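Chain residues, written in single-letter form:
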Amino acid sequence: MEDTNEKRLDDFVKKVVNSTSLESPSIDFTKNIISKITAQEAQSTATVYQPLISKTSWLILATITILLFAYVIFGKLDLSISWLPNINSEFLNKIGFMDALSQIHLPNTAVYAFIGIMLFFYVQIIFLKRHLESRFALN
Amino acid sequence: MSQKTDEHYINKVLGGESNAFSLLVDRYKHMVFTLALRILKNREDAEEIAQDTFLKAYIALKNFKGDSRFSTWLYKIAYYRSLDYLKTNKRQVETTFIDISEEYNITSMDNALDGLEVKERAGIIKQAMQELPGDDAVLITLYYFETLSMNEISKVMGIPANTLKVRLFRGRKRLAKILENNLEFENIQSYGRH
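Reading guide: rules and limits
- Residues numbered from 1 in each chain as written.
- Chains lettered and ligands numbered in written order.
- Predicted model: local features only at pLDDT ≥ 70, side-chain atom pairs only at ≥ 80, totals over all residues.
- Helix = DSSP H or I, 4+ residues; strand = E, 2+ residues; numbered from the N terminus.
- Buried ≥ 20, exposed ≤ 12 C-beta atoms within 10 Å, placed from the backbone.
- Contact = placed C-beta atoms within 7 Å.
- Core = buried A, V, L, I, M, F, W, Y, C linked by C-beta atoms within 7 Å.
- Domains from an automatic or database assignment.
- Nonpolar A, V, L, I, M, F, W, Y, C, P; charged D, E, K, R; others polar.
- Axes fitted to C-alpha atoms, helices over the stretch in contact; angles between N-to-C directions.
- Parallel < 35°, antiparallel > 145°, perpendicular 65-115°, else oblique.
- pLDDT = per-residue confidence, 0-100.

Draft legend 1. Region of interest: the overall build of chain B. Within chain B, the regular secondary structure consists of nine helices and zero strands. If you list the helices and strands of chain B from N to C, you get α-α-α-α-α-α-α-α-α. Split into buried and exposed, the 194 residues of chain B put 35% on the buried side. Nonlocal contacts in chain B, meaning residues at least 24 apart in sequence, comprise 71% of its contacts between residues at least 6 apart.

Draft legend 2. Up close: unusual backbone geometry. Residue and element names in this part refer to chain B. Its identity as a non-glycine residue notwithstanding, Lys41 has a phi of 60°, on the positive side. Here Lys41 lies in the loop between helix H2 (21-40) and helix H3 (43-60). Despite not being glycine, Thr147 shows a phi value in the positive range, around 45°. Relative to the helices and strands, Thr147 is located in the loop between helix H7 (134-145) and helix H8 (150-157).

Draft legend 3. Just the nonpolar core, in detail. Residues and elements named next belong to chain B. By size, the foremost hydrophobic cluster in this structure holds 54 residues, and its most contacted members are Val32, Leu35, Ala36 and Ala78. Looking at which element gives the most residues to this core, the answer is H2, with twelve residues. Shared between two domains, this core holds at least three residues of each, these being domain 1 (6-89) and domain 2 (106-193).

Draft legend 4. Just the interface of chain B and chain A, in detail. Contacts between chain B and chain A engage 29 residues on the former and 23 residues on the latter. A total of ten residues in the side of chain B that touches chain A trace back to one element, the largest contributor, which is H2 of chain B. Within the side of chain B that touches chain A, the residues separate by chemical class into 17 nonpolar, five polar and seven charged.

Draft legend 5. Seen up close, the packing of helix H4 (residues 70-89) of chain B against H8 of chain B. Residue and element names in this part refer to chain B. Interaxial distance between H4 and H8 falls to 8 Å at its minimum, and their mutual angle equals 40°. Here H4 is positioned oblique relative to H8, judged by the angle of their axes. Within the contact between the two elements, H4 uses Thr72, Tyr75, Lys76 and Tyr79 and H8 uses Glu152, Lys155, Val156 and Met157.

Draft legend 6. View of the confidence of the model for chain A. Taken over all residues, the pLDDT of chain A has a mean of 80, while the share at 70 or more is 77%. Within chain A, the lowest mean pLDDT, 66, falls on helix H4 (residues 89-95) of chain A, and the highest, 91, falls on helix H3 (residues 55-74) of chain A.

Have a look at this one:
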């Protein structure tokens, strides 16, 4: 009894649903989508990320740097610059600037606090970056 | 022309012919729009979400593996986009509360519907669908109109097939009850007119 009732209901709903048509969106529906797609594609080619210094420039820069260092280290190069006045190393010693720095003693707590704050600072950069990226993301 | 498969057009789109996508849109826009409307109950919102669905599908097309049908993949996007839309807009869709334990008479309903003009009948059925909770309406549309299998609907809605069977069972009853109520209302109104 229950089964035949279910069957009848099933048939009835089938008939009811199939006697209607699907709902139609607006006439310009397809046109709107295609124009949105073209707009998006034009935009995405315009906003493609281009690094300020391209990979080839980085490569060239790296080679130049390495070559320069190699020349300085291995090449027979006279490093004394004739037109610079000779720096009196005695004079530097007299100032004792570096020595003065080593006299500063910070309490341990201050050092830990400083390290902690630095850590938070770096962590914050990561969070801020993620937050801003999600805010300006195109979806 | 229309016999060409979805894959044919998908490959065309992936090959750079973005205009081929409009044929896919034309093929599925009615169903996608209907599904969105079933959930959102508002034509403007449904239009927006349907557009959004196709845009999303266009962007994600290269990720479409083809292990399910293109249509079910598209319906899934539409379904989830609609639900997301409701969630982000915190909108409560108004649907009537239906006591499905009440009895209804299929034969008399059937006769009453048959007695109506085609246009009027379609209007009453659409109204009933509108009053049905979104999930039920989507399920009934996919099952009876699109004749998808329970497994396919399960993929679209992300609900196990067994649960869907129970829901379909209840959804049908709700629809019948709503129809009966609306038909009675219609009758009272038409008495008033004569």
